[in-house]
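A closer look at the structure
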Amino acid sequence: MGKLDGKVAFITGAGRGQGRSHAVRFAREGADIIATDTTAGVSSVPYPLAVAEDLAETARLVEATGRRIIARDADVRDYAATASVVTEGVEAFGRLDIVVANAGISNPAPTLEMSEDVWQDMIDVNLTGTWKSLKASVPHVIAGGRGGAIVITSSLAAMYANGNQAHYSASKAGQVMLMKVLAKELAPQNIRVNTVHPTTVATGMILNEATYRLFRPDVENPGYDDFEVAARTLNRLPVAALEPEDITETVLHLVADSGKFITGTTQLLDAGGSL
């Protein structure tokens, strides 16, 4: 018996990283998966985004568990495309119970020096894209009449300020109040809504030159080892970065029956970073 037997989950940003980890673990726990990621570029992002092969690999890993998956290329900035994939998945699997709005980007930049495009891309993907993902999917959860669970991937940056992250922190902090309002609106339908707030996680969003430079401006050409030295000073527990599977454990708890009375909360997974 799995913790999510018979359930269907919609996950954005599922091509790799945390999204892939959630999809595969949910499948192992008995859920069928509706997954999106996009090959559409974001010109202001300084690291490689997911490619078609990434989402195909997520689909392969889910199918290897014996569960079903519909995996499609859809940009969270495109409401119509996202809604189309969700509708396709609900028609195929017959229901929707769980939504994980996970897609996001990062691009460190000084607050008063960043371009308008850098700011706008961040808000469009991380905040507006989250809202569009919820607007496209949550009505299907409501229509099921069985209750459900929504988790939004926010960040420690929503609660703890660091330089060069004003746009990122603003988008992630905005997700918190979006979550709280939605949690209040959906409580009568027994639909729970929460955010998770990781510290640094070892994914492509973090393991790239731009982030290394953010963490180690004192080094001319910083690499991972340089980043790790600085990252360890941010966390109080002796770890530089969490693994995607570490985040999945908390997300699973929130969407499963173990979290049936948790709603409207901000769940920190920060290795003590907020201290």
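Structure's up top.
Definitions and limits used
All chains use their own residue numbering, which begins from 1 and follows the written sequence. In view of the model being predicted, local features appear only for residues whose pLDDT reaches at least 70, and side-chain atom pairs are presented and counted only at 80 or more, with totals across whole chains, interfaces and linings using the full set of residues. Where side-chain values are given, they derive from all heavy atoms of the structure, hydrogens and water being excluded. We count a stretch as a helix when DSSP gives it H or I for four or more residues in a row; a strand needs E for two or more, and each element gets its number in order from the N terminus. Exposure categories follow from relative accessible area, calculated using a 1.4 Å probe and restricted to protein chains: below 20% of the type maximum is buried, above 50% is exposed, and the middle band is partly exposed. Pairing between strands is defined by DSSP: at least two bridges between them are needed. In this analysis an axis means a line fitted to C-alpha atoms, helices contributing only their contacting stretch, and an angle means the value between N-to-C directions, from 0 to 180 degrees. Any two residues whose heavy atoms approach within 4.5 Å at even a single point are treated as in contact. For classification purposes, angles smaller than 35 degrees are called roughly parallel, those larger than 145 roughly antiparallel, those between 65 and 115 roughly perpendicular, and all remaining angles oblique. When the near helix sits turned anticlockwise from the far one by under a right angle, the crossing is termed left-handed; a clockwise turn instead gives a right-handed crossing. As a working rule, the residues Ala, Val, Leu, Ile, Met, Phe, Trp, Tyr, Cys and Pro are called nonpolar, Asp, Glu, Lys and Arg charged, and the rest polar, with Gly in that last group. What makes a nonpolar core is a set of buried Ala, Val, Leu, Ile, Met, Phe, Trp, Tyr and Cys residues whose side-chain atoms join them at distances within 4.5 Å.

Summarising the element assignment, A80 is placed in helix α3 (residues 79-93). Residue classification places A80 among the exposed positions, given a relative accessible area of 52%. Measuring from C-alpha to C-alpha, the distance between A80 and D5 comes to 29 Å, with 75 residues separating the pair along the chain.

It is worth spelling out the sheet that holds strand β1 (residues 8-12) at this point. If you trace the seven strands from one edge of the open sheet to the other, you get β3-β2-β1-β4-β5-β6-β7, paired in parallel fashion. Edge positions in the sheet fall to β3 (69-73) and β7 (266-269), since each has one partner strand and no second. Strand-to-strand twist of the sheet, defined as the mean angle between neighbouring strand axes without regard to direction, takes the value 15°. As paired elements, strand β4 (residues 98-101) and strand β5 (residues 148-153) share four bridges and run parallel to each other. Residue pairing across strands places I98 opposite A149, the latter belonging to β5. Taken strand by strand, helix α4 (residues 116-144) contacts β1, β4, β5 and β6 (191-198), and its axis lies near 175° from that of β4. Lying on the sheet, helix α5 (residues 166-186) is in contact with β5, β6 and β7; it crosses β6 at an angle near 160°.

Here we take up the packing of α4 against α5. With their axes 9 Å apart at the nearest point, α4 and α5 run at an angle of 20° to one another. What the angle tells us is that α4 and α5 run roughly parallel. Both α4 and α5 take part in a crossing whose hand is right-handed. Residues V118, W119, M122, I123, N126, L127, T130, W131, L134, V138 and I142 of α4 pack against A166, H167, Y168, A170, S171, K172, G174, Q175, L178, L182 and L186 of α5. Looking at side-chain class alone, the contact of α4 with α5 contains 15 nonpolar, six polar and one charged residues.

Counting 30 residues, the largest nonpolar core has L4, F26, I33, V251 and V255 as the members making the most contacts within it. For this core, the secondary-structure elements that each account for two or more residues are β1, α1 (17-28), β2 (32-37), α2 (52-64), β3, β4, β5 and α8 (244-255). No other element matches α8, which puts five residues into this core. Apart from the residues lying within four places of it in its own chain, the contact partners of F26 are L4, A9, I11, A31, I33, I98, V100, V251, L252 and V255. Listed in part, the 24 residues of the second largest apolar core include A101, I150, I152 and A183.

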